[in-house]
Amino acid sequence: MSAAESRTFDVVRELVLSAHKISTTAEKMDFYDSWASHYEQDCAVFDFRAPIIAARTAAAHFRGDRQAAVVLDVACGTGMVAKMMKKDGFEHFVGVDGSQAMLQRAKESGLYQDLKLVLLGEEPLSVQSGDFDVVLIVGALSVGHIRVEVIRELCRAAKQGVTMTTPATN
Ligand SMILES: C[S@@+](CC[C@H](N)C(=O)[O-])C[C@H]1O[C@@H](n2cnc3c(N)ncnc32)[C@H](O)[C@@H]1O
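What you are looking at is a predicted structure, and each value in this text was computed from that prediction instead of being measured. (Residues numbered from 1 in each chain as written. Predicted model: local features only at pLDDT ≥ 70, side-chain atom pairs only at ≥ 80, totals over all residues.)

**Quick look at the overall build of the protein chain**
We apply this condition: Strands are runs of DSSP state E lasting at least two residues, helices are runs of H or I lasting at least four, and both sets are numbered from the N terminus onward. Radius of gyration here is computed from C-alpha atoms only, and the compact-globule reference equals 2.2 Å multiplied by the residue count raised to the power 0.38. We call two residues in contact when their backbone-placed C-beta atoms lie within 7 Å.
What the protein chain contains, in helices and strands, is 7 helices and 5 strands. Seen in sequence order, the protein chain has helices and strands lined up from the N terminus as α-α-α-α-β-α-β-α-β-β-α-β. On C-alpha atoms alone, the protein chain measures out to a radius of gyration of 15 Å, which is about the 15 Å that the 2.2 N^0.38 rule sets for 170 residues. Along the first, second and third principal axes, the C-alpha atoms of the protein chain reach 45 × 30 × 25 Å. Within the protein chain, contacts between residues at least 6 apart in sequence are counted, and of these 68% link residues at least 24 apart.

Structure follows, in structure tokens:
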């Protein structure tokens, strides 16, 4: 399938649901590695609104200087959350993800000052406590994704709060 062709809603839905059956982190990362090239196109097919909702929510509650703020985008994928935050005036982003191919897309977006390959839940987040003005995790807390214990690490990384959303798959 070429990058120009878009898949049908039913095909994308089956793909997303199939990911929920994966039980190991390694297999999950293989899934995301293979999805990276079509991820954003498929998100458009099922109108995945979590990145814009999370970005708007974080921006609405943030009281500091948006241009100076440093945003930690956990499970950043290809960079959809940072893209939305940038529209709201944020400029500094650090991304973390466990999929090399997703991170490569994020790198190509040119939005991030730093990108880290981290398998959350199995490896430490490896950022300094209180380093980040905003911490977001979007679309990565559903079944078989990042374990909920990781939220403690995200809270430690944040000066303020953490914005979390999970994806809708039906
Ligand atoms: C549905 S995508 C969401 C990407 C992005 N936040 C967005 O809203 O478009 C889920 C992301 O979580 C990452 N992920 C899932 N489990 C992970 C883990 N244990 N450690 C690190 N990243 C993980 C995947 O590689 C994938 O990029």
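**Notes on the pairing of strand S2 (residues 92–97)**
To keep things clear, this is the line we draw: Three exposure classes are used. Buried residues have 20 or more other C-beta atoms within 10 Å of their own C-beta, exposed residues have 12 or fewer, and partly exposed residues fall in between, all C-beta atoms being placed from the backbone. Any two strands between which DSSP finds at least two bridges are classified as paired. Here a crossover is taken to be right-handed if, once the strands point away from the viewer, the path from the first strand over the helix to the second is traced clockwise.
For S2, the buried fraction is high: 6 of the 6 residues fall into the buried class. The side-chain alternation of S2 yields two buried faces, one formed by His92, Val94 and Val96 and the other by Phe93, Gly95 and Asp97. Where strand S1 (residues 70–74) meets S2, 5 bridges bridge the pair, whose relative direction is parallel. Across the sheet, the residue bridging to Leu72 is Val94, located in S2. Between S1 and its parallel partner S2, the chain crosses via helix H5 (residues 80–87), and the hand of that crossover is right-handed. Pairing analysis gives 4 bridges linking S2 to strand S3 (residues 114–117), with the strands arranged parallel. Paired with Val96 across the two strands is Lys116, which belongs to S3. Following the chain from S2 across helix H6 (residues 100–109) to the adjacent parallel S3, one finds a crossover that is right-handed.

**Description of the nonpolar core**
Applied cut-off: When buried Ala, Val, Leu, Ile, Met, Phe, Trp, Tyr and Cys residues are joined through C-beta atoms within 7 Å, the set is termed a nonpolar core.
Counting 43 residues, the largest nonpolar core has Val71, Leu72, Val74, Val81, Val134, Val135 and Leu136 as the members making the most contacts within it. Within the residue set of this core, elements represented by two or more residues are helix H4 (50–61), S1, H5, S2, H6, strand S4 (134–138) and helix H7 (150–157). Filtering out sequence-adjacent residues up to four positions away, Val74 remains in contact with Val96, Val135, Leu136, Ile137 and Leu154.

**Some words on the packing of H4 against H5**
Helix packing for two helices is described by the angle between their axes and how far apart those axes are. Put simply, the rule reads: Where helices are involved, their axes are fitted lines through C-alpha atoms of the stretch in contact, as for all axes, and angles between N-to-C directions lie from 0 to 180°. Angle categories: roughly parallel below 35 degrees, roughly antiparallel above 145, roughly perpendicular from 65 to 115, and oblique for all the rest. Helix crossings fall into two classes, left-handed where the near helix is turned counterclockwise from the far one by less than a right angle and right-handed where it is turned clockwise. Any residue that is not Ala, Val, Leu, Ile, Met, Phe, Trp, Tyr, Cys, Pro, Asp, Glu, Lys or Arg is counted as polar, Gly included; the first ten are nonpolar and the last four charged.
With their axes 8 Å apart at the nearest point, H4 and H5 run at an angle of 45 degrees to one another. Taken together, the axes of H4 and H5 lie oblique to each other. Pair H4 / H5 crosses with right-handed handedness. Residues Pro51, Ile52, Ala54, Ala55 and Ala59 of H4 form the contact with H5, whose own contacting residues are Met80, Val81, Met84 and Met85. Across the contact of H4 with H5, the residue classes break down as 9 nonpolar, no polar and no charged.

**Some thoughts on the site of the ligand**
For clarity, the threshold we go by: We call a residue near a molecule or strand when its C-beta atom, built from the backbone, sits within 6 Å of it.
Lining the immediate environment of the ligand, one finds 25 residues, of which Ala75, Gly77, Gly98, Ser99 and Gly139 sit closest. Going through the elements one at a time, helix H2 (25–35), H4 and H5 are the ones with two or more residues in the shell around the ligand. No other element matches H2, which puts 4 residues into the shell around the ligand. Its residues assigned to classes, the shell around the ligand comprises 16 nonpolar, 7 polar and 2 charged.

**Some details on H5**
Turning to H5, its buried residues number three or more, namely Met80, Val81, Ala82, Met84 and Met85. In the core, the buried residues of H5 are packed alongside helix H3 (39–45), H4, S1, S2 and S4. Remark: Gly89 follows H5 within two positions and exhibits a positive phi of approximately 100 degrees.

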